[in-house]
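So you can see what is in the structure, the chains are spelled out below.
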Amino acid sequence: MNIAKVVVDVPASQINRVFDYLIPDHLTDTIEVGMRVIVPFGPRTIMGYVLALTDHSEVEGLKPIKSLMDIVPILTEELIEVGKWLANHTMSFYISTFQAMLPQALKADYHKLIHRLTIDQLPESLERAFAGRDYLDFDELEASDVPLSQFKQSLDDGDLEVIYQVKRKDNIKKQTFVKKISSTAQLDEYTAHLTNQAKKQKLMVEFLVDLNEPILLKTFLTKMKTTRQTIKPLIDHNLITLIEEEVYREPYDDQAIDRTAPLKLKDQQAEALTAINQSFDQQKDDVFVLHGVTGSGKTEVYLQAIAHVMNEGKEAIVLVPEISLTPQMVNRFKGRFGSDVAVMHSALSKGERFDEWRKVQRKEVKVVVGARSAVFAPFENLGLIIIDEEHEASYKQEDHPRYHAKDVAIQRAKHHKCPVILGSATPTLETYARAKKGVYQLLEMPDRSNLSEMPEIDLVDMRDELHAGNRTMFSRKLIEAIKIRLEKQEQIVLFLNRRGYSTFVMCRDCGDVIECPDCDISLTYHRKQNRLKCHYCDYHEAVPNKCPSCESETIRYFGTGTQKVEESLSQLIPEARIIRMDVDTTQRKGSHERLLKQFAKKQADILLGTQMIAKGLDFPDVTLVGVLAADSLFNLPDFRAAERTFQLITQVSGRAGRHHLTGEVIVQSYTPDHYSIDYARNYDYQGFFAKEMALRKAFQYPPYYYLTLITVSHPNPNRAQEVTRVISQLLNKHLSNETKILGPTPSPIERIKNRYRFQCMIKYKYEPNQHNVLARILQYYEDMMRKEDLLIQIDLQPYQLM
Ligand SMILES: Nc1ncnc2c1ncn2[C@@H]1O[C@H](COP(=O)(O)OP(=O)(O)OP(=O)(O)O)[C@@H](O)[C@H]1O
Ligand SMILES: [Zn+2]
Ligand SMILES: [Zn+2]
């Protein structure tokens, strides 16, 4: 094989295919499918992935590969197939898809350098820029006063050349170790020649006698209370040597985590486990929907299913939503399987993530627990894929490639002939409908594992509060309940849904709301920095003293941000110790963990937060959960609003009374009659499912219909609208008659970063032609997208309709 088929690192549709390269002789024995290579591409040098090796090519005059970036493949053959499928399935570029499958650290960095080829005098400005050096950074040249024409002339004259460098980012951490290379006899002899003053030397030798494995130099020096200087004689006498060894950046201290043994399963758990194990044993690619109420012990089923798979020498992937990947969750898996577990999520540093990924690649672990992208863990003997809280929207990636982890999991399971578990107390309608139809296998766990009742959910109509003169955001009932918990020294979780409600600034005289100048969205007030910020772009400004439109000084803050809730709560109940968890208090690495630990240690009474606290938390002393504004999702343009509200109330309620103490939930709402709140309150998933399915059918939404959202954006609103109109027409013409095309309409957020946005939506039941038609449309607009800053985004199965 002397030809490699390579996908190169240029995300553009004309380049979205494989290119053939010659394999130079010195690489023929080492090159393998799935490795990264450095190749010439036009005038540049770029990174690429080898997808196949072959003997002949249709193309003449092939260029050779410059070098290899890997010594072992980083993409398995299976993942290459998954990548190709995924790129087609989501209409993304191959290169973007492969990069999404790998850790950040494996991306390439590019550098452009100018190399001086002549020793003769260059034009003056160039001489000044080079300042006696042979190489010059291209950035430096651009910042200098060298005229572009001058630079081009010197290039043409052959006095300069441009060099493209590919830099790797995957730096492997190395550390220095002390290694003993002498026998005890040799050590003894050395001590015999020491003077009495050489106490440190004697001490070190004593230590070395018992040393069997290399020890970290740093540890050695600390132990011996000495410096690097004093070990020099030992090295000079060939008693020890210093070696550099590769080490992992370990984000978790496995030793510090208590190991757990499997629990004796309750009947409902045992039944579920048997079905899953059987499917695994028979090498079936079944998809199980594990529908278990909060606290039913789903995690224990996962753990024992994984143990079964590991016993047969196979591997498992567990996906959990980013925000619930708390130390508590990690400990449950590490507690059972110790260092057989790698953890992958975005709170880890790039280096840590790379190291966790390498543990998988080197087959040093059997289990991966991670957020969405962990579904691509490069295991080769997969036996099980678990998606916990499968209803979470974060399993869908919102930029290229716009994939859903569930689809990838099912695709990989087909290849490995292994089962998938989709676990949730509130499965999505799509998932549950498939389970009812028998496409997926349904496993029900209706009881809590401690057999306690689900906590009582009380509804408070906030309109009544207002009528009774209570203008705070806390009902009298909730305040009363909080005070009782404080007396009993029990804990409280307060949940505020932040999407939909936030603090904006409004003028009381003219009603003007201060908006982002670049996006059609109001600015959010951030107390700590005393600034107004845009949540869609980086814009921020100081809080004005006067209304920008009428100059009145009656500027006020509205809405209920978590900061404001915290303040008014402190006023109402000054003795309460509150921990607030939201994007502001959890930005720094580790702060999420720290806050939860404080709460676990009962250093606070109330945990107040956003989505972040809705899932996965398990604190024995939490007996009261409050939902401050249950309906805040309804004012979003989203057909899933009712479903999300139902999920949220159910999940949050699940945090109360999980252990021996009974729990209570208080839900405050301005629309307490809404069916989603009513069903959630009665823990009636089946009732909600039936009602919501009927509505989805009537309004032609998933799971009865599929959706595709096309968003067009352009600096000029007319242009954006016009393109959307043409696209709608094309779709109408080329798709089947049963398919509906809605739009063009302005997007719910009409402008982001000064780009105007229009959308059209395809609603269809069966449309085998859709991919082709969309691909042709993209092709048609390709030139315009490049030349005039036009952007067309296609989202198959959209979750964010904004
Ligand atoms: N068979 C069992 N025997 C005793 N205790 C159990 C058993 N199974 C689970 N538990 C305990 O019950 C509690 C709830 O279990 P777990 O957290 O696994 O539930 P879950 O279904 O994952 O809940 P959620 O959806 O709320 O996250 C845990 O404290 C767990 O240790
Ligand atoms: Zn903005
Ligand atoms: Zn005003």
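All values derive from a computational prediction rather than experimental measurement.

## Structural notes on unusual backbone geometry
- For the bond from P702 to P703, the omega torsion is 5°, close enough to zero to count as cis.
- With an omega of 10°, the peptide bond running from G743 to P744 counts as cis.
- The topology assignment puts P744 in strand β31 (residues 740-752).
- Despite not being glycine, Q283 has its phi angle at roughly 50°, a positive value.
- Topologically, Q283 is positioned in the loop between α10 (267-281) and β12 (287-292).
- Classification of Q283 as partly exposed rests on a relative accessible area of 47%.
- The residue E389 is not glycine, and still its phi comes out positive at about 50°.
- Examined against the element boundaries, E389 turns out to sit in the loop between β16 (382-388) and α14 (405-416).

## Points about the site of ligand 1
- Lining the immediate environment of ligand 1, one finds 19 residues, of which K264, Q269, K298, S449 and R658 sit closest.
- One of the side-chain N or O atoms of K298 is found 2.8 Å from an oxygen atom in ligand 1.
- Take S449: an N or O atom from its side chain is 2.7 Å from an oxygen atom of ligand 1.
- Here ligand 1 loses 83% of its free accessible area of 640 Å² to cover by the protein chains.
- Among the elements that line the shell around ligand 1, the one with the most residues is helix α11 (residues 298-311), at three residues.
- A breakdown of the residues in the shell around ligand 1 according to their chemical character gives three nonpolar, eight polar and eight charged.
- Two domains each donate at least three residues to the shell around ligand 1, and these are domain 4 (254-445) and domain 5 (456-503 + 559-696).

## Side note on the sheet that holds strand β27 (residues 606-609)
- As summarised here, the arrangement of the six strands in space is β19-β29-β28-β20-β27-β26, forming an open sheet in which the pairing is parallel. Edge positions in the open sheet fall to β19 (456-461) and β26 (578-581), since each of these has one partner strand only. In this sheet, adjacent strand axes meet at a mean angle of 15° when their direction is disregarded.
- Against the sheet, helix α18 (residues 562-572) engages β20 (491-495), β26 and β27, with an angle of about 170° to β26.

## Some points on the UniProt feature "domain: Helicase ATP-binding" (unreviewed entry) in the protein
- Mapped onto the present numbering, the UniProt feature "domain: Helicase ATP-binding" (unreviewed entry) falls on residues 279-445.
- Helix makes up 37% of residues 279-445 and strand 22%, and the two end C-alpha atoms of the span are 18 Å apart.

## Observations concerning the packing of aromatic side chains
- This structure, assessed with the given rule, holds 17 aromatic pairs.
- With a centroid separation of 5.3 Å and an interplanar angle of 65°, the aromatic rings of F376 and Y403 are classed as edge-to-face. Placement of the pair is F376 in the loop between β15 (367-370) and β16 and Y403 in the loop between β16 and α14, with a sequence separation of 27 residues. The same class applies to F376 as to Y403, namely buried.
- With 4.4 Å between their ring centres and 5° between their planes, F639 and Y701 make a pair best called stacked. Taken as a pair, F639 in the loop between β28 (622-627) and α20 (641-653) and Y701 in the loop between α22 (685-698) and β30 (706-714) lie far apart in primary sequence, 62 residues in all.
- Accessibility expressed as a relative area gives 12% for F639, which makes it buried.

## Topic: the UniProt feature "binding site: Zn(2+) 1" (unreviewed entry) in the protein
- Look at the UniProt record and you will see "binding site: Zn(2+) 1" (unreviewed entry) annotated at C507, C510, C547 and C550. On the basis of their most widely separated C-alpha atoms, the annotated residues across 44 residues gather in one place, lying no more than 8.6 Å apart.
- Within the secondary structure, C507 is located in strand β21 (residues 504-507).
- A relative accessible area of 1% means that C507 is categorised as buried.

## What to know about the pairing of β27
- Here β27 shows a buried face lined by I606 and L608 and a second buried face lined by L607 and G609.
- Note: β20 against β27, four bridges, orientation parallel. Among the inter-strand pairings, F495 is bridged to a residue of β27, identified as G609.

Here is what the cut-offs are and how they apply
Residues numbered from 1 in each chain as written. Chains lettered and ligands numbered in written order. Predicted model: local features only at pLDDT ≥ 70, side-chain atom pairs only at ≥ 80, totals over all residues. Heavy atoms only, no water. Helix = DSSP H or I, 4+ residues; strand = E, 2+ residues; numbered from the N terminus. Buried < 20%, exposed > 50% of the residue type's maximum accessible area, 1.4 Å probe, protein only. Near = heavy atom within 4 Å. Polar contact = N/O pair within 3.5 Å; in protein donor to acceptor, adjacent residues only side chain to side chain. Areas by Shrake-Rupley, 256 points an atom, 1.4 Å probe, with all protein chains shown as cover. Nonpolar A, V, L, I, M, F, W, Y, C, P; charged D, E, K, R; others polar. Domains from an automatic or database assignment. Pairing = 2+ DSSP bridges. Axes fitted to C-alpha atoms, helices over the stretch in contact; angles between N-to-C directions. Contact = heavy atoms within 4.5 Å. UniProt positions renumbered as here; feature names shortened; annotations may be inferred. Phe/Tyr/Trp six-rings, centres within 6.5 Å; stacked < 30°, edge-to-face > 60°.

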